[in-house]
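Reading the structure
Chain residues, written in single-letter form:
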Amino acid sequence: MGTSRRILTALGLLALATPVVGSHQSTAAQPQQGSFADPAFERVWARTDKLVAQGEVSRSWYWGPTPGRSETEKYLEGEGGVRKVQYFDKSRMEINDPKANPNDPFYVTNGLLTVELVSGKVQVGKSAYEGRFPAQIPLASDNDDRNAPTYASFLQLANTPLGDHPAEDMTGKVVNQIVNKAGIVETDPSKERYGVRYGHYNAETKHNIADKFWEFLNLSGPIIGPDGRVTTGKLSDPWFYTTGYAISEPYWANVKIGGRQRDVLIQLFERRVLTYVPDFAPEWRVQMGNIGAHYYDWRYKGAGQRGFPRPNVTPVSVPAGALGSPQNPIKMAFVPSANSQRVLASGEPLGRLLGQITGYSFRVSVPTSYAAVIEAMGSNNVDVAWLAPFSYALAHEKYGAEVILSSVRFGQLAYPSVFITADPNVRTIADFRGKKFAFVDPASASGYLYPVAQLKRLGLVSGTPPNLEAFFGSGNVIFAGGHDRVVTAVYNGQAAGGVVFGGPLNPGLGTPTDARSLVARTLPDVYQKVRIVGETQLIPNDTVSVRRGLPPEMVRQIQQGLLELAGTAEGNKYLVDLYAINDLAPVTDSFYDPLRRVAQEAGITNFEQLFPTPTPRP
């Protein structure tokens, strides 16, 4: 389909004095010079990039040095159900209606490639999509930077068909937030030294545009007009013609560019990714990422798939009476984040399957609270625990517990907390003032810690520990004990609002995956009655953790056994039924450092005072 053409990428631009952001050698690259698939494509390219290619102006590329591969792609509203496209380093040009006026500025459009790469959904019509996978391709770094943010990192930060993530108007404030590969956002005051501010609020998508990007999007300079003559005009006219609207906030990241670590500001737009590198030459500090090359390899070469280890575990033989034997089984506990009987119903067969894979025997339990699980680990009454992230941080600090795996949901290792309500008078988080409010558990990250940090960030609560009743009112703060119980309390009007775990829409079904899904069978109108009015920054996912002192060879056998289990149809079913887990991934304790910093920010630091040791009931 189409003729083989060259996609020139950053490796073809290394002769430039300034490194190019997002170095990426497309597997579609060919040695011959490309040609334009349509005269209209050439006119659009020539307007901004011909003078750069000829060396007559010095500025960053809008499309790239030469055209790349041309294709005929499925598009339901197109003539014959298809449309002509051509790929460039920086984008893809399209002609949706060849019968339209070729002189119309929007006769040639450029694709919503960012939205597709982030969501993992290929657009094949104005409102039609085909499922693929979020692209694990670094979007603003050298392609071999394994720690850099990828398109998939922004799944729960950017507006896509799987959900919007709006922000408040921050115009004039300094941009000091950083993002990592898991999509976890933190505040880093050191980035304030660059002096970048939020310059424009994109009201259409409810995202702030960094001033460096807003200036770039409104640049004027030498261009080639329709008559072929050089004139002066706006390089992107209107400003959103090239990029589309902003779909994320701007975030800093420290990534590898040109073989060295650099700070880079990244912002996603519907059609492009913009980057700002402070230590580049002025005319090259703002660049468009190589999204055309990235997208081509994702769509046609299968690039960017995420894979987790799938070991083949040999069961061990356990002597009678030893830990892991039927007489002395490994004690595995699950936190009661949802209905305890439901958790147990999935946890017990999971324990049996893990036993078949590893050779160990397991005894499964669901203690009465998050704190009870933590204390049972400290007293060696629980060996392996499926802990919520904040519970893990507490167990690590108090008793030396160690994480061995993180849960994975739809390819993501992080998730937000969401504020919910059924009260028609509540439109924002601030509207909960003086109203009864339900948290999950003091040891829950999404059900307590992150929402409290958000309330402090918004200036609604203060103090260390936070004085919640000063905002909600005396006696108005309750702990329901489970995410499903919070949703039910809000649904029934027992609380004006609450906080529970959030998540993107199910990519295959288009249904919500937040905590409302826990009660959707018994409360079928819950999605209509209970609304989301706010969300927190992303939280590292829940864990599988082991107590201190468990033999290292046993720990590894359990970790590898769970990874094998997650790759089986039976094991995956148990994980989904258990906590809506789709996969498991190895992580280390440092993955939860952002959570610890949020605890400091929230003023939740005296853990023993906040969570006094209960009597464990494993």
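Structure: above.
The present account deals with the structure reproduced in this document.

Thresholds applied
Residues numbered from 1 in each chain as written. Predicted model: local features only at pLDDT ≥ 70, side-chain atom pairs only at ≥ 80, totals over all residues. Heavy atoms only, no water. Helix = DSSP H or I, 4+ residues; strand = E, 2+ residues; numbered from the N terminus. Rg over C-alpha atoms; globule rule 2.2 N^0.38 Å. Buried < 20%, exposed > 50% of the residue type's maximum accessible area, 1.4 Å probe, protein only. Contact = heavy atoms within 4.5 Å. Areas by Shrake-Rupley, 256 points an atom, 1.4 Å probe, with all protein chains shown as cover. Lys, Arg positive; Asp, Glu negative; His and termini not counted. Charge placed at Lys NZ, Arg CZ, Asp CG, Glu CD. Pairing = 2+ DSSP bridges. Axes fitted to C-alpha atoms, helices over the stretch in contact; angles between N-to-C directions. Phe/Tyr/Trp six-rings, centres within 6.5 Å; stacked < 30°, edge-to-face > 60°. Lys NZ or Arg CZ within 6 Å of the ring centre and 35° of its normal.

Focus on the overall build of the protein
Regarding its fold elements, the protein presents 15 helices and 29 strands. Computed over the C-alpha atoms, the radius of gyration of the protein is 26 Å, within 12% of the 25 Å expected from 2.2 N^0.38 for a compact globule of 618 residues. Sorting the 618 residues of the protein into buried and exposed places 57% on the buried side. A separation threshold of at least 6 residues defines the contact pool for the protein, and within that pool the share at least 24 residues apart is 69%. For the protein, the accessible area works out to roughly 24,100 Å², and carbon and sulfur atoms hold 49% of it. Counting 60 positive and 57 negative side-chain charges, the protein places the centres of these two groups 1 Å from one another.

Quick word on helix α6 (residues 370–378)
For α6, the buried fraction is high: 7 of the 9 residues fall into the buried class. Buried residues of α6: Tyr370, Ala372, Val373, Ile374, Glu375, Ala376 and Met377, and no others. Against the buried residues of α6 lie β17 (330–334), β19 (384–386), α7 (389–399), α10 (483–491) and β28 (543–546). One or two steps after α6, the chain reaches Asn380, where phi turns positive at roughly 65°.

Regarding the sheet that holds strand β23 (residues 437–439)
Taken in spatial order, the 5 strands line up as β24-β23-β25-β22-β26 in an open sheet, and their pairing is mixed. Each edge of the sheet is formed by a strand with only one pairing partner; in this case those strands are β24 (477–479) and β26 (531–535). Along the sheet, successive strands turn relative to each other by an average axial angle of 30°, direction set aside. As judged from the 3 bridges shared by β23 and β24, these two strands associate in the parallel manner. Directly across from Phe437, in β24, lies its bridge partner Val477. Where α10 meets the sheet, it contacts β22 (417–421), β23 and β25 (497–501), and its direction lies at approximately 150° from that of β25.

What about the environment of Lys573?
Within the fold, Lys573 resides in helix α13 (residues 569–579). We classify Lys573 as partly exposed; its relative accessible area is 49%. In the structure, Lys573 is positioned 141 residues away from Phe432 in sequence and 38 Å away in space, judged by C-alpha atoms.

Notes on the pairing of strand β9 (residues 198–202)
Across 4 bridges, the pairing between β9 and strand β10 (residues 207–210) is antiparallel. Its bridge partner being in β10, Asn202 is matched across the sheet by His207. Here β9 hands over to β10 after 4 residues, with Lys206 in that stretch at a positive phi of 60°.

Considerations on α7
Within the sequence span of α7, burial applies to Pro389, Phe390, Ser391, Tyr392, Ala393, Leu394 and Ala395. Where α7 ends, the next residue or the one after it, Gly400, has phi of about 75°, a positive value.

Examining the packing of aromatic side chains
Considering all chains together, one arrives at 31 aromatic pairs under this definition. Where Tyr87 meets Tyr296, the ring centres are 5.1 Å apart and the plane angle is 80°; that geometry is what we call edge-to-face. In this pair, Tyr87 sits in strand β2 (residues 82–87) while Tyr296 sits in helix α4 (residues 291–301), placing the two residues 209 residues apart along the sequence. The exposure classification of Tyr87 matches that of Tyr296, with both residues buried. On the numbers, 5.6 Å between centres and 90° between planes, the contact of Trp239 with Phe240 is edge-to-face. An aromatic cluster is present here, built from Phe419, Phe432, Phe437, Phe439, Tyr448, Phe471, Phe472 and Phe479 joined pairwise through their rings. Over the aromatic face of Trp298 sits the side chain of Arg132, whose NZ or CZ is 5.5 Å from the ring centroid. For the cation-ring pair, Lys529 lies above Tyr491, with the distance from its terminal atom to the ring centre recorded as 4.2 Å.

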